[in-house]
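Summary of the model geometry
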Amino acid sequence: MNIAVFCSGKGTNLQAVIDAIKQKRLKARISFVLSDNKSAYALVRAIKNNIPAVFIDPERFKSRKLYEDEIIKHLKNHNVGLIVLAGFMRVLSKYFVRQYKNRIMNIHPALLPSFPGRCAVRDALRYGVKVTGVTIHFVDERVDSGPVILQSAVKVLTNDTDETLLERIHKKEHILYPEAIQLFIDGRLDVKGREVIVRGVSSG
Ligand code: GRF
């Protein structure tokens, strides 16, 4: 299956997907990496791995719809079956999400619905929770709200800082994201309302 990975920053999750493909843990092909940020290191990772790196400058477009139409053009040209958001800092509109319903995944560094938003790791630490984690979900028309695909817990340690906690969360993310993508590719994710049933996994 052709996938596209959208990133705005470092792209460590992109790297985890690239590595999983190389190690044949993930049977996918990355058609292109898209960024809204010219200096995203994710674009360098793409180039280093011979994957087309596409920077589309949102500033060039008069409206969000025109910007998203440009992205859709790329997706259609490459016959992309799944969009993987990996630190993409732009909210996709209803118009876009409706066209790719249940074909856009996102990864969030907390156990949703706790701590949505951009500062999830910091917010969880400030709140004083003992457990936080990682959520992979389908993207719906609201931010950090779509049906949950996989979650994994990460314990908060007494002396954790934003950095140390983020490091352990990243480790979990890098394992979980390729797994979720493979489940999608294998056709094992059934979305029923808010619930994602992972076929072949008992719920007990
Ligand atoms: C990850 O922590 C992810 O949960 C969040 O953005 C971060 C992206 O990190 N959505 P990276 O660019 O993959 O290193």
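Residues numbered from 1 in each chain as written. Predicted model: local features only at pLDDT ≥ 70, side-chain atom pairs only at ≥ 80, totals over all residues. Heavy atoms only, no water.

1. Some thoughts on the overall build of the protein chain
A tally of helices and strands in the protein chain yields six helices and nine strands. Against the 2.2 N^0.38 benchmark of 17 Å for 204 residues, the protein chain shows a C-alpha radius of gyration of 17 Å, consistent with a compact globule. Dimensions of the protein chain along its principal axes, counting C-alpha atoms only, are 45 × 40 × 35 Å. When the 204 residues of the protein chain are sorted by exposure, 49% land in the buried category. (Helix = DSSP H or I, 4+ residues; strand = E, 2+ residues; numbered from the N terminus. Rg over C-alpha atoms; globule rule 2.2 N^0.38 Å. Buried < 20%, exposed > 50% of the residue type's maximum accessible area, 1.4 Å probe, protein only.)

2. Quick word on the nonpolar core
Side chains that are nonpolar tend, in soluble globular proteins, to be buried together. Grouped together as the largest cluster of nonpolar side chains are 46 residues, with contacts concentrated most on M105 and I181. It is helix α6 (residues 162-185) that contributes the most residues to this core, nine residues altogether. L34, Y67, L85 and I104 belong to the second-largest nonpolar core, a separate cluster that totals 21 residues. (Core = buried A, V, L, I, M, F, W, Y, C linked by side-chain atoms within 4.5 Å.)

3. Structural notes on the packing of helix α1 (residues 12-22) against α6
Remark: α1 packs on α6, axes separated minimally by 9 Å, with the N-to-C direction vectors making an angle of 50 degrees. By the angle class used here, α1 and α6 are oblique. Crossing angle aside, the handedness with which α1 passes α6 is right-handed. Every residue of α6 that contacts α1 at T12, N13, A16, V17 and A20 is listed here: H170, E173, H174, Y177, P178 and I181. For the contact of α1 with α6, a count of residues per class yields six nonpolar, four polar and one charged. (Axes fitted to C-alpha atoms, helices over the stretch in contact; angles between N-to-C directions. Parallel < 35°, antiparallel > 145°, perpendicular 65-115°, else oblique. Left-handed = near helix turned anticlockwise from the far one by under 90°. Contact = heavy atoms within 4.5 Å. Nonpolar A, V, L, I, M, F, W, Y, C, P; charged D, E, K, R; others polar.)

4. Notes on the packing of aromatic side chains
Across all of its chains, the model carries five aromatic pairs by this definition. Taken together, a centroid distance of 5.3 Å and an interplanar angle of 65 degrees make the contact between F6 and F88 edge-to-face. Highlighted residues: F6 in strand β1 (residues 2-7) and F88 in the loop between β4 (82-85) and α4 (94-99), separated in sequence by 82 residues. Of the residues examined, F6 reaches a relative accessible area of 0% and is grouped as buried. Given a relative accessible area of 8%, F88 falls into the buried group. Geometrically, the ring pair formed by F138 and F184 is edge-to-face, given 6.2 Å between the ring centres and 65 degrees between the ring planes. With F138 in strand β6 (residues 131-138) and F184 in helix α6, this pair connects stretches of sequence that are 46 residues apart. (Phe/Tyr/Trp six-rings, centres within 6.5 Å; stacked < 30°, edge-to-face > 60°.)

5. Quick word on the site of the ligand
All residues adjacent to the ligand are K10, G11, T12, N13, G87, I107, H108, P109, H170 and E173. Between G11 and the ligand, the recorded distance is 2.8 Å, taken from a backbone N or O atom to an oxygen atom. Here an oxygen atom of the ligand sits 2.4 Å away from a polar atom, N or O, in the side chain of E173. Bound to the protein, the ligand loses 84% of the 370 Å² it would expose on its own. Mapped onto the shell around the ligand, the elements with two or more residues apiece are α1, β5 (104-108) and α6. For the shell around the ligand, a count of residues per class yields two nonpolar, six polar and two charged. (Near = heavy atom within 4 Å. Polar contact = N/O pair within 3.5 Å; in protein donor to acceptor, adjacent residues only side chain to side chain. Areas by Shrake-Rupley, 256 points an atom, 1.4 Å probe, with all protein chains shown as cover.)

6. Side note on the pattern of salt bridges
Close approach of charged atoms lets side chains of opposite charge pair. Per the counting criterion, the structure on display carries eight salt bridges. With a closest N to O distance of 2.9 Å, K65 and D69 form a salt bridge. Residue K65 and its partner D69 are located together in helix α3 (residues 64-77), separated by four residues, close to a single helical turn. (Salt bridge = Lys/Arg side-chain N within 4 Å of Asp/Glu carboxyl O.)

7. A look at the side chain of H108
Along the polypeptide, H108 turns up in strand β5. Looking at H108, its side chain comes within polar contact range of the main-chain oxygen of F115, at 2.7 Å. Sequence-distant contacts of H108, that is, excluding residues within four places in its chain, are made with F115, P116, G117, A120, G133, V134, T135, D144 and E173.

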